[in-house]
Amino acid sequence: MACWGYLNKWTKVQFITHTSVFSPSKRIVLHPQQRCAFRKAQKKPESRKGVHEESGRPPGDVAEAGLSKRDAPQPPLPPGMPPRNPRRLIKPLMFTIGFTGCSFGAAAILQYESVKSRLDSLLEEKASEKMDQFQTHDTAHWHNWWNQLSDFQRQVILLMSMVDDMWSSLSEGQKVATGIIAVNAAVLCCWRVPSLQRSMLKYFTSNPASKTRCLPMVLSSFSHYSIVHMVINMYVLWTFSTSIVSVLGKEQFLAFYTSAGVISTMVSYMSKTATGRLHPSLGASGAIMTVLAAVCTKMPEAKLGIVLLPMLSLTAGNALKALVAIDTAGLFLRWRIFDHAAHLGGTLFGVWYIAYGQELIWKSREPLVKFWHELRREMSGGGRGPPRDGRRGGGGNGGGQS
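Small disclaimer: the values here were computed from a predicted structure and weren't measured.

A.B. asks: Help me get a handle on the overall build of the protein chain, residues and values and all.
C.D. replies: Counting secondary structure elements, the protein chain contains 14 helices and two strands. In the protein chain, which comprises 402 residues, the share counted as buried stands at 43%. Carbon and sulfur atoms provide 63% of the accessible area of the protein chain, an area that totals close to 21,700 Å².

Dropping the structure here:
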């Protein structure tokens, strides 16, 4: 799912390879779900204590090791904190549990509000239809209004109408995927701004040895440095978005997708800490693998094709087994192209959620929805209650049952 960065000339930087944290040629490594290259900062004169460190970099932030000096023997580490210390995983683990719970809780409340909004809209439409029966439509008025517009105004209105028609023609899943793609594209543009490089490394790449470990677990799932990497991931998301959203509903899917990014990063943290290969990672591959695994688990007999080999096809179930086998082999053989631990974590979470998690988490949301309804009614001073189940707002088997 993740890929190498290909655009050396466009980015005007060198590729980064490695044998360990620093290769024999002392080039710096980034081990993301997609490896990519970063600019190296200018050398700073040696400090009084004899420690070489980059200007403005927080001490001990290994995630920014890509900007450290070429002659440094190894990346700096936080004082008194060994790189493979499992205690550094406690805070990310608590963050993963809390973020996942809050994501699904917020999705349940969002679905409640969506159902209520639809009901209110239907009542307003019925009321407006009754009012229209007593009103006459003067087409001449609108014709005169159109003639009074300038050519530019007419072109703008026609363009907006075309965009609205295109948006209406998209499925619910494609609309959600469009929003995710837009966020990833915006982050990709931020990577191209030199003044933002340091902040992007700190918050949009994940590394268990970094000083900032929790927030990057979310942000790195929307971060790509290479256009090719982003295009591949977003193409897969677009392809499977209609199927997965029809099964889960858009609210549940958003919670599922963001939680998958955090959980896959947590598995990557655990693998990196166990092996001592503490390299920054970025990319949506973990979350994309979760979506792919969920679709393959729900529809194992569906036929999947290969983009570059259209003459070959295989069932979704067999494709899932092949992906798991490849990532398992890559994890144990320590292949360095992809973040196989993140891929495996995302895949296993997708399989587990469709098999057990949806029943355990999503279909047990009724107490939270009732609590939110009572709280909302107290705040508004009364009102209509929600439907007894979420069938109108779920958009599928998973999103349509309480």
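A.B. asks: So what's going on with the packing of aromatic side chains? Residues and values would help.
C.D. replies: Across all of its chains, the model carries nine aromatic pairs by this definition. Centroid distance F253 to Y257: 5.9 Å. Interplanar angle 40°. Geometry classified as tilted. Of the two residues, F253 and Y257 are both situated in helix α9 (residues 250–275); the distance of four residues between them amounts to about one turn of the helix. Across the pair, Y257 and F253 agree in class, each one buried. What links up through ring pairs into an aromatic cluster is the set F104, F256, F349, W352 and Y353. Here the basic side chain of R192 rests over the ring of Y225, its NZ or CZ set 4.9 Å away from the ring centre.

A.B. asks: Tell me about the packing of helix α10 (residues 285–298) against helix α11 (residues 316–332), and name the residues and values.
C.D. replies: Helix-helix packing: each pair is described by the crossing angle between the helix axes and the interaxial distance. Across the interface, α10 lies against α11 with an axial gap of 8 Å and an inter-helix angle of 140°. Classified by the angle their axes make, α10 and α11 are oblique. Relative to α11, the crossing made by α10 is left-handed. Residues M289, L292, A293, C296 and T297 of α10 form the contact with α11, whose own contacting residues are A316, L320, L323 and D327. A class-by-class count of the residues in the contact of α10 with α11 yields seven nonpolar, one polar and one charged.

A.B. asks: Summarise the environment of E172; cite the residues concerned and give the values.
C.D. replies: Looking at where E172 falls in the secondary structure, it is placed in helix α5 (residues 172–191). We classify E172 as partly exposed; its relative accessible area is 37%. Spatially, the C-alpha atoms of E172 and S243 are 9.8 Å apart, while their sequence positions differ by 71 residues. Every residue in contact with E172, bar those within four places of it in the chain, is listed here: V245 and K250.

A.B. asks: How would you summarise α11 if you had to cite specific residues and measurements?
C.D. replies: Taking 1.5 Å per residue, 17 residues should reach 24 Å; α11 reaches 24 Å between its end C-alpha atoms and fits that length. Among all positions of α11, only A316, G317, A319, L320, D327 and G330 are buried. Down the axis of α11, the buried set is contained in an arc of 160°. They therefore lie on one face. The exposed residues of α11 that point more than 90 degrees off its buried face are K321 and F332. Positive backbone phi, at 60°, marks R334, one or two positions downstream of α11.

A.B. asks: Tell me about the packing of α9 against helix α12 (residues 340–360), and name the residues and values.
C.D. replies: Their axes nearest at 8 Å, the elements α9 and α12 cross at an angle of 135°. The angle between α9 and α12 falls in the class oblique. Considering how the two elements wind past one another, α9 and α12 form a crossing that is right-handed. Touching Q252, F256, A260, I263, S264, V267, S268 and S271 of α9 are A341, A342, G345, G346, F349, G350, Y353 and Q358, all from α12. Considered class by class, the residues forming the contact of α9 with α12 number eight nonpolar, eight polar and no charged.

A.B. asks: Residues and numbers for the state of the cysteines, please.
C.D. replies: What the rule picks out here adds up to zero disulfides. You can see C190 has no disulfide; the closest cysteine sulfur is in C189, sitting 7.0 Å from it.

A.B. asks: Can you lay out the nonpolar core for me, pointing to particular residues and giving the numbers?
C.D. replies: The tendency in soluble globular proteins is for nonpolar side chains to be buried side by side. In terms of nonpolar packing, the biggest core is built from 43 residues, with L237, I244, L248, F253, F256 and Y257 touching the most fellow members. Excluding its chain neighbours within four sequence positions, the residues that come into contact with I244 are G249, F253, V291, A294 and V295. Listed in part, the seven residues of the second largest apolar core include W191, M200, F204 and L282.

A.B. asks: A description of α9 should follow, citing residues and the corresponding values.
C.D. replies: In this model, α9 (26 residues) spans 37 Å end to end at C-alpha, consistent with the 38 Å of a helix rising 1.5 Å per residue. Burial analysis of α9 places 19 of its 26 residues in the buried class, which makes it a mostly covered element. A positive backbone phi angle near 80° is found at G276, which sits one or two residues after α9.

Definitions and limits used
Residues numbered from 1 in each chain as written. Predicted model: local features only at pLDDT ≥ 70, side-chain atom pairs only at ≥ 80, totals over all residues. Heavy atoms only, no water. Helix = DSSP H or I, 4+ residues; strand = E, 2+ residues; numbered from the N terminus. Buried < 20%, exposed > 50% of the residue type's maximum accessible area, 1.4 Å probe, protein only. Areas by Shrake-Rupley, 256 points an atom, 1.4 Å probe, with all protein chains shown as cover. Phe/Tyr/Trp six-rings, centres within 6.5 Å; stacked < 30°, edge-to-face > 60°. Lys NZ or Arg CZ within 6 Å of the ring centre and 35° of its normal. Axes fitted to C-alpha atoms, helices over the stretch in contact; angles between N-to-C directions. Parallel < 35°, antiparallel > 145°, perpendicular 65-115°, else oblique. Left-handed = near helix turned anticlockwise from the far one by under 90°. Contact = heavy atoms within 4.5 Å. Nonpolar A, V, L, I, M, F, W, Y, C, P; charged D, E, K, R; others polar. Expected span 1.5 Å × (residues − 1). Arc of directions from axis to C-beta. Disulfide = S-S within 2.5 Å. Core = buried A, V, L, I, M, F, W, Y, C linked by side-chain atoms within 4.5 Å.

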